[in-house]
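# Observations on chain architecture
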Amino acid sequence: MRRIAAVSTGVILALGALTACGGSATDRAEDAMNDALSGSASVQLDGDGGIKVEGSDGTVEFGTGNLPADWPSEVPPPPGFDVIMAGSTAGDTNWTGSFTAPGDQTAAVEAYVRDLMNKGFAVDGNIPLGTNGMYGLVGNGYRVDMLAINMGESTQVTMRIEPLP
């Protein structure tokens, strides 16, 4: 996952530099990055600024609005939130996602946590529920750690999911 994060950072910087140049420059940047990676990872850029990086140790997407295909259905994204970034490691060992929604969505986050609890998740005793925007849940074969931050104009939720041993 570290390699994917490093490649993703490079991709974001290169894409930002080429955004003003148009689609053909983006295609050239994608080709150049894939050539430089020599098959160790694959970069796909879409016309709307989305980036998908796939490697042997996992996948990460920025700005595509998509979750990885292997995202656990037992932990859907928070309703009403848009996907900013999402990724997974190879072998279904963990998933990470960042989500955003306009305004103060504290009540929506709390309703989402209650919904997960109604679907079989329990509070993880290591994380006091809702303290400083932190939530920890365990159930349905997964541990879910969340951080929700009201930033005034928007609310950000970052989530990490891992299978239980």
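Basis of the calculations
Residues numbered from 1 in each chain as written. Predicted model: local features only at pLDDT ≥ 70, side-chain atom pairs only at ≥ 80, totals over all residues. Heavy atoms only, no water. Core = buried A, V, L, I, M, F, W, Y, C linked by side-chain atoms within 4.5 Å. Buried < 20%, exposed > 50% of the residue type's maximum accessible area, 1.4 Å probe, protein only. Helix = DSSP H or I, 4+ residues; strand = E, 2+ residues; numbered from the N terminus. Contact = heavy atoms within 4.5 Å. Salt bridge = Lys/Arg side-chain N within 4 Å of Asp/Glu carboxyl O. Patch = residues over 30% accessible without salt bridge, like charges linked within 9 Å, V, L, I, M, F, W, Y side chains within 5 Å. Areas by Shrake-Rupley, 256 points an atom, 1.4 Å probe, with all protein chains shown as cover. pLDDT = per-residue confidence, 0-100. Phe/Tyr/Trp six-rings, centres within 6.5 Å; stacked < 30°, edge-to-face > 60°. Pairing = 2+ DSSP bridges.

For the rest of this paragraph, the subject is the nonpolar core. If you look at the biggest cluster of nonpolar residues, it comprises 22 residues, and the most contacted ones within it are Val144, Met146, Met159 and Ile161. At the level of secondary structure, the elements contributing two or more residues to this core comprise strand 4 (82-89), strand 5 (95-102), helix 3 (106-118), strand 7 (134-139), strand 8 (142-150) and strand 9 (154-163). Here Met159 is in contact with Trp71, Val75, Pro78, Trp95, Thr96, Gly97, Phe99, Tyr112, Val144, Asp145 and Met146, once residues within four sequence places are set aside. Counting five residues, the second-largest nonpolar core is a separate cluster that includes Val43, Ile51, Val53 and Val60.

Bringing the pattern of salt bridges into the picture now. Taken as a whole and assessed by the stated rule, the structure comprises four salt bridges. Linking Lys119 and Asp115 is a salt bridge whose minimum nitrogen-to-oxygen distance equals 3.1 Å. For Arg143, the salt bridge goes to Asp124, with nearest N and O atoms at 2.6 Å. Remark: Asp124 occurs in the loop between strand 6 (122-123) and strand 7 and Arg143 occurs in strand 8; sequence separation between them is 19 residues. A relative accessible area of 24% places Arg143 in the partly exposed class. Given the relative accessible area of 7%, Asp124 is considered buried. Taken together, the shared-partner salt bridges connect Asp124, Arg143, Arg160 and Glu162 into one network.

Moving on to a nonpolar patch on the surface. On the surface, Met134, Leu147, Ile149 and Met151 cluster together into a nonpolar patch covering about 330 Å² of accessible area. Tracing the chain through its elements places Met134 in strand 7.

The next subject is the confidence of the model for the chain. For the chain, per-residue confidence averages 79 on the pLDDT scale, and residues scoring 70 or more make up 66% of the total. Within the model, pLDDT remains below 50 along residues 1-22, and this stretch shows 35 contacts once partners closer than five positions in the same chain are excluded.

Here we take up the packing of aromatic side chains. Here the structure, examined in full by the defined rule, presents two aromatic pairs. With a centroid separation of 6.2 Å and an interplanar angle of 80°, the aromatic rings of Trp71 and Phe99 are classed as edge-to-face. Here Trp71 is found in the loop between strand 3 (58-62) and strand 4, whereas its partner Phe99 is found in strand 5, with 28 residues between them in sequence. Just as Trp71 is buried, Phe99 falls in that class too.

Turning our eyes to something else, we now look at the pairing of strand 7. One face of the sheet, then the other: side chains in a regular strand alternate in exactly this way. Relative to strand 7, strand 6 runs antiparallel, the two being bridged by two bridges. Residue pairing in the sheet places Ala122 in a bridge with Val138 of strand 7. Sheet analysis places strand 7 next to strand 8, joined by six bridges and oriented antiparallel. In the strand pairing of strand 8, Met134 is matched with Leu147. What sits between strand 7 and strand 8 in their antiparallel hairpin is a turn of two residues, with Asn140 showing a positive phi close to 50°.

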